[in-house]
Amino acid sequence: MGSLRSHRYSIVSSEEDGMKLASIAVPNGYGNGNVNKGHTEQKCQSRFVSKDGHCNVQFINMSEKGQRYLADIFTTCVDVRWRWMFLIFCLSFLLSWLFFGLVFWVVALVYGDLENETQLCVSNVDSFTAAFLFSVETQTTIGYGYRYVTEECPIAVFMVVFQSIVGCIIDAFIIGAVMAKMAKPKKRNETLVFSHFATVAMRDGKLCLMWRVGNLRKSHLVEAHVRAQLLKSRTTVEGEFIPLDQVDIDVGFDSGIDRIFLVSPITIVHEIDEDSPFYEMNKQELETSEFEIVVILEGMVEATAMTTQCRSSYVAGEILWGHRFEPVLFEEKNYYKVDYSRFENTYEVPSTPICSARELAEKKSNASSLRNSFCYENEVALEKVEMEEEFEEDSSRLMRDVEVSALEDITTDLVSSVECNLDSLALEARPLTAESEI
């Protein structure tokens, strides 16, 4: 079967065609070739978003940070690391057990249960250790039966009920936070990958910026869509310096191409047109510029229906001008095969222009204007020839008309002269006839 291309981002190729392409290896293990040193030996540039999607930002001098984080304690527990979550889990129960154990010990001390052989409030609680164990048995509903509260002490009954309610609240909070932390869709990003390099090449007659995304799981990413932003410092007309100005990069939002069906790896395409921030950049300017392209993939996890976001970024040194990605989707007899060993591989396209998209568009417009002017000159010459031919036809027609009219005049004169001669002959023959008759 021949190659298929049903979507702008899809690449379906035969195994034979794919084997003919060169490859470039990358540091994360994909690829089977050698990386060009010209692309690896780039000056170090600070990243706003790292390759694994983490934002390289530190917050300092925040007022009332602790109070604001405690006000949203549930989100704080979900966002903290697991070591801190385990510490919160243990401390929440230990502190509650110690607190209520201390309360029961104070009650026993007030009612004299520590000195008497028979306890009035809590049976068999004659020390702080016994009060702590009773607190643990009450909150965890173990109930060994050796220690129990009596009916003669209302304050002890109230504290048992209150501790049971507090224990249920603590259980709900901790279990909810742990479950929310375990079900965070952030871990789904481990199986969503971006290509290490981006490429610039011609596609459908236009200069395009391209990068590749892939899903390592068979479970789908529902309502998946992509977007990208350019981060670059600039100075406004008024002289204001903006350290990281964010500019949207169009990947087909208006036409709906940004919504993708991520089953096999897909190449995301940004057409460098008049609205693109790269419209006036040629190859040399792009390689020497300082900017960062942040790419974002969003969608809902099929298993949990929770929205996840996967991020990555490309700096100028990670954009390969004049390269295309190798195909990774191959058509077999009854199915399609995805070869992730080719996910990062690219091959060079020597025919890619090194000029900017603006210069390329101007060259095309000049060529089209030259063709239009040449066609106009041809039309003028053709019209001139047609006019000359029409003039010649009119002249020949006029000459024929003149000749025909002259012939008609000559014929008329001859006819009239013949008629006159006949009349004269008739008049002269009459007397002779009369004389013969006489």
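All figures in this text were calculated on a predicted structure; none of them were measured in a lab. (Residues numbered from 1 in each chain as written. Predicted model: local features only at pLDDT ≥ 70, side-chain atom pairs only at ≥ 80, totals over all residues. Heavy atoms only, no water.)

Peer 1: Honestly, the side chain of Lys181 in this entry has me stumped. Any pointers?
Peer 2: Looking at the element boundaries, Lys181 is found in helix 7 (residues 154-182). For the buried residue Lys181, which engages in no salt bridge, the nearest side chain bearing the opposite charge is Asp79, 6.6 Å off. Looking at Lys181, its side chain comes within polar contact range of the main-chain oxygen of Val78, at 3.0 Å. (Helix = DSSP H or I, 4+ residues; strand = E, 2+ residues; numbered from the N terminus. Buried < 20%, exposed > 50% of the residue type's maximum accessible area, 1.4 Å probe, protein only. Lys, Arg positive; Asp, Glu negative; His and termini not counted. Salt bridge = Lys/Arg side-chain N within 4 Å of Asp/Glu carboxyl O. Polar contact = N/O pair within 3.5 Å; in protein donor to acceptor, adjacent residues only side chain to side chain.)

Peer 1: In this structure, what is going on with the sheet that holds strand 10 (residues 292-301)? I would like to understand it.
Peer 2: Pairing between the strands of a sheet comes from backbone hydrogen bonds, and it takes one of two forms, parallel or antiparallel. If you trace the 4 strands from one edge of the open sheet to the other, you get 8-7-10-11, paired in antiparallel fashion. Either end of the sheet is taken by a strand with one partner, and the two such strands are strand 8 (241-249) and strand 11 (307-315). Neighbour-to-neighbour, the strand axes of the sheet open up by a mean angle of 25 degrees, direction not taken into account. Bridge count for strand 7 (residues 221-235) against strand 10 is 9 bridges, and the pairing is antiparallel. Residue pairing across strands places Arg227 opposite Ile296, the latter belonging to strand 10. (Pairing = 2+ DSSP bridges. Axes fitted to C-alpha atoms, helices over the stretch in contact; angles between N-to-C directions.)

Peer 1: Sorry if this is basic, but what is going on with the nonpolar core here?
Peer 2: Most often, soluble globular proteins keep nonpolar side chains buried together rather than apart. Of all hydrophobic cores here, the largest spans 37 residues; its most connected members are Trp211, Ile260, Phe278, Phe291, Ile293 and Leu297. The element that contributes the greatest number of residues to this core is strand 7, accounting for 5 residues. Contact partners of Ile293, with chain neighbours within four places excluded, come to Leu209, Gln229, Leu230, Ile249, Phe278, Ser312, Ser313, Tyr314 and Ile319. The next biggest cluster of nonpolar side chains, apart from the first, holds 14 residues, and it includes Phe104, Cys121, Cys153 and Ala156. (Core = buried A, V, L, I, M, F, W, Y, C linked by side-chain atoms within 4.5 Å. Contact = heavy atoms within 4.5 Å.)

Peer 1: Which parts of the structure should I look at to understand the pairing of strand 5 (residues 198-203)?
Peer 2: Looking down a regular strand, the side chains alternate between one sheet face and the other. By the criterion of burial, strand 5 is predominantly enclosed, with 6 of the 6 residues buried. The alternating pattern of strand 5 places Ala198, Val200 and Met202 and Thr199, Ala201 and Arg203 on opposite faces, both of which are buried. Of the pairings in the sheet, the one linking strand 5 to strand 12 (residues 319-321) comprises 3 bridges and is parallel in character. Across the sheet, the residue bridging to Val200 is Trp321, located in strand 12. Relative to strand 6 (residues 206-215), strand 5 runs antiparallel, the two being bridged by 5 bridges. Along strand 6, the bridge assignment pairs Met202 with Leu207. Here strand 5 folds back onto strand 6 in antiparallel fashion, the turn holding 2 residues, of which Asp204 has a positive phi close to 55 degrees.

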